[in-house]
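Single-letter residue listing:
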Amino acid sequence: MLNTSIHYENGRLFCDGVAVAEIAAQVGTPAYIYSGTRFLSNLRRIQAAFPTAHIHYSAKANGNLAIMKMLVNAGAGIDAVSAGEIHRALIAGAQPENIVFAGVGKTGQELYYALSRGVGWFNIENVEECRLLNSMAGAAQMVARVALRLNPDVAANTHRHIATGHGKAKFGMSTETIRDLLTRQGEFSNLSFEGIHIHIGSQLHDTTATQAAIRAALDVIQPYPTMRTVDIGGGLPVAYSADEIVPDVEAFAASILPLLEGYEVILEPGRAIIADAGMLITRVQYIKEQGEAKFAIVDAGMTELIRPALYEAHHEIVPLVEQGLPRESVQVVGPVCETTDVLGRDVALPPLAAGDCLAVLTAGAYGMVMASNYNARPRPPEVLVDPNGKSWYLVRRRETWDDLVAPELA
Ligand SMILES: Cc1ncc(COP(=O)(O)O)c(C=O)c1O
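Residues numbered from 1 in each chain as written. Predicted model: local features only at pLDDT ≥ 70, side-chain atom pairs only at ≥ 80, totals over all residues. Heavy atoms only, no water.

> Any chance you could explain empty space enclosed by the protein here in plain terms?
Any empty space left between the atoms is revealed when a probe the size of a water molecule rolls over them. Following the criterion strictly, the structure yields two cavities of 30 Å³ or more and no others. In this structure, the largest cavity occupies an estimated 50 Å³ of space. Broken down by class, the residue content of the lining of the largest cavity amounts to five nonpolar, four polar and no charged. Reported here for the second largest cavity is a volume of approximately 40 Å³. (1 Å grid on protein atoms, 1.4 Å probe; cavity = no way out; pocket = protein on both sides within 12 Å on 5 of 7 lines; lining within 4 Å. Points joined across faces, edges and corners; volume = space filled by probe spheres on them. Nonpolar A, V, L, I, M, F, W, Y, C, P; charged D, E, K, R; others polar.)

> I tried to follow the site of the ligand on my own but got confused; where do I start?
Around the ligand, the structure places 15 residues, and the nearest of them are Ser 202, Glu 268, Gly 270, Arg 271 and Tyr 366. At 3.4 Å, a side-chain N or O of Asp 79 approaches a nitrogen atom of the ligand. Computed on the free molecule, the ligand has an accessible area of 390 Å², of which 91% lies beneath the protein chains in the complex. Of all the cavities here, the one that holds the ligand is the largest pocket. Looking at the shell around the ligand residue by residue, the class counts come to two nonpolar, eight polar and five charged. (Near = heavy atom within 4 Å. Polar contact = N/O pair within 3.5 Å; in protein donor to acceptor, adjacent residues only side chain to side chain. Areas by Shrake-Rupley, 256 points an atom, 1.4 Å probe, with all protein chains shown as cover. Sits in = over half its atoms within 2 Å of the grid points.)

> Explain the packing of helix α5 (residues 108–117) against helix α6 (residues 127–139) to me, please; I cannot follow it from the model alone.
When two helices pack together, their arrangement is given by the angle between the helix axes and by the axis-to-axis distance. It is the contact of α5 with α6, at a shortest axis distance of 10 Å, that shows an interaxial angle of 45 degrees. If you check the angle between α5 and α6, you find them oblique. As α5 packs across α6, the resulting crossing turns out to be right-handed. Mapping the contact onto sequence places Gly 108, Leu 111, Tyr 112 and Leu 115 in α5 and Glu 129, Leu 132, Leu 133, Met 136 and Ala 137 in α6. Tallied by class, residues from the contact of α5 with α6 come to seven nonpolar, one polar and one charged. (Axes fitted to C-alpha atoms, helices over the stretch in contact; angles between N-to-C directions. Helix = DSSP H or I, 4+ residues; strand = E, 2+ residues; numbered from the N terminus. Parallel < 35°, antiparallel > 145°, perpendicular 65-115°, else oblique. Left-handed = near helix turned anticlockwise from the far one by under 90°. Contact = heavy atoms within 4.5 Å.)

> How should unusual backbone geometry be read in this particular structure?
Among all residues except glycine, the phi angle is most often negative; among peptide bonds, the trans geometry is most common. The omega torsion across Thr 29 and Pro 30 is -10 degrees, close enough to zero to call that bond cis. Among the secondary structure elements, Pro 30 is positioned in the loop between α1 (20–27) and β4 (31–35). Even without being a glycine, Asp 346 presents a positive backbone phi close to 50 degrees. Along the chain, Asp 346 falls in strand β17 (residues 342–349). Within the chain, Asn 375 stands out as a residue other than glycine whose phi angle is a positive 65 degrees. Note on placement: Asn 375 falls in the loop between β18 (357–360) and β19 (382–385). Judged by its relative accessible area of 34%, Asn 375 falls in the partly exposed class. (Buried < 20%, exposed > 50% of the residue type's maximum accessible area, 1.4 Å probe, protein only.)

> Is there a simple way to explain the domain arrangement of the protein in this structure?
By a widespread convention, an interface's size corresponds to the accessible area lost as its parts come together. Here the protein is described as being made up of domain 1 (6–35 + 275–405) and domain 2 (36–273). Contact residues are listed per partner, giving 26 residues for domain 1 and 27 residues for domain 2. Taking both sides of the interface into account, the surface hidden between domain 1 and domain 2 amounts to around 2,100 Å²; carbon and sulfur atoms contribute 52%. Of all residues in domain 1, the largest losses of buried area upon contact with domain 2 belong to Asp 276, Tyr 311 and Tyr 366, amounting jointly to 26% of the total for that side. Counting across the domain 1 and domain 2 interface gives one salt bridge. A salt bridge links Arg 38 to Asp 276; the shortest N-O distance between them is 2.8 Å. The interface formed by domain 1 and domain 2 holds twelve residue pairs in polar contact (both at pLDDT 80 or more) in total. (Domains from an automatic or database assignment. Buried area = accessible area lost by both parts, 1.4 Å probe. Salt bridge = Lys/Arg side-chain N within 4 Å of Asp/Glu carboxyl O.)

> What is the right way to read the packing of aromatic side chains from this model?
Two aromatic rings, taken as a pair, are described by how far apart their centres are and by the angle between their planes. Following the criterion strictly, the structure yields three aromatic pairs and no others. Directly above the aromatic system of Tyr 263 lies the positively charged group of Arg 228, at a separation of 4.4 Å from the ring centroid. (Phe/Tyr/Trp six-rings, centres within 6.5 Å; stacked < 30°, edge-to-face > 60°. Lys NZ or Arg CZ within 6 Å of the ring centre and 35° of its normal.)

> I tried to follow the environment of Leu 305 on my own but got confused; where do I start?
Here Leu 305 lies in the loop between β14 (293–298) and α11 (307–311). Since its relative accessible area comes to 1%, Leu 305 is described here as buried. C-alpha of Leu 305 to C-alpha of Ala 363: the two residues are 58 residues apart in sequence and 7.7 Å apart in space. With residues up to four places along the chain from it excluded, the contact list for Leu 305 reads Tyr 32, Leu 280, His 315, Leu 343, Val 360, Ala 363, Tyr 366 and Gly 367.

> Looking at this structure, I do not really get the packing of helix α8 (residues 208–221) against helix α9 (residues 249–256). What am I missing?
Two elements in contact, α8 and α9, have axes separated by 10 Å at closest approach and are oriented at 35 degrees. With respect to the hand of their crossing, α8 and α9 are arranged in right-handed fashion. Where α8 approaches α9, its residues Thr 210, Gln 211 and Ile 214 are matched on the opposing element by Phe 252, Ser 255 and Ile 256. In terms of residue class, the contact of α8 with α9 is made up of three nonpolar, three polar and no charged.

> Help me understand the nonpolar core, please; the structure alone is not making it clear to me.
By size, the foremost hydrophobic cluster in this structure holds 104 residues, and its most contacted members are Phe 39, Phe 50, Phe 122 and Leu 148. Shared between two domains, this core takes at least three residues from each, and those domains are domain 1 (6–35 + 275–405) and domain 2 (36–273). Leave out the neighbours within four places in its chain, and Leu 148 touches Ile 124, Cys 130, Met 173, Ile 178, Leu 181, Leu 182, Phe 193, Gly 195, Ile 196, His 197 and Met 227. Of all hydrophobic cores here, the second largest spans 20 residues; its members include Val 20, Ile 23, Val 27 and Met 279. (Core = buried A, V, L, I, M, F, W, Y, C linked by side-chain atoms within 4.5 Å.)

Next comes the structure, spelled out in structure tokens:
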């Protein structure tokens, strides 16, 4: 969706003070473009709404080093779900104690790496992981600080593929398991049980389930004075279209902070920081009319942005040049050999011709991080429009065909 950073000026799409067509002309398409102004102001807004909370940017939403570096410099910690993300976070300048390590299937090697780097929190998802971490921390003569991830068995108001807190999901532990672990803390002398973690899903359309999850979490930890931290995960939503009504960050904070008085709070937002700061630009290759449908076949597809194919996600698609011409309904499809390779169905766009450029909006989160080389397609470059609003630079170059074959041992 358009916003104060990604907007039209005299019919031309701008990212802050830079015409998007200028970037397209220089770096080519497809390409991701991010507004530094927008993601920093999204972070500041969350920091203001949760003034005493520790905000850990969720690197899984967009792990670009330049972006993480700026967020870390602006005071964010990092939420990492793999040793690879911890590695990235450290390169981006995050202090290890400001990293939380979550993830349902951390390997021993990953736990060892995190321990040896001094990562601040381990969000534990099962009893065996607890035992493994305890013995590794023991061998290293360390005490690891842990938060136990609760699966509160609540139904989040979101797409079924991104709901994580219902009882059948693989994430977290039941209240019974956590209660049992807490009564047996003495068996884990190299772990310090200090927090509870809940993340019931992404793109939460209301806070009802989050409130229920927090109440369940507090009920479990209330008898244990050392359990002073509640990590409520991510899930702060963004609007992907004008008619998508979601609570804003202030409303989200107002509805849950009163429940958490007296506790340290950790938040792991990803999408709410970076989604609406990013767009994917793409060029029309062909126009094809077939049956009733008009297809715009563009040079980006599910390899660059898989969310529409994976989650039936909606992204607004707009032209780089808006001349106020009458709109027509177009199927915006990619070049990948899959029927689901559709970026937008029935998109209302002005008449298009080969060579025209489009922008797929609100694509900053779960976009480039999920890009793939399927069909031997090099992944696109990423461009950052500086927070000064005027200059822009490549923060990741376009991959080459040689990059594609580089790891192979033929
Ligand atoms: C444990 C955890 N924390 C944080 C996040 C980030 O969520 P979001 O991008 O919705 O804020 C996720 C996303 O799935 C997650 O699994």
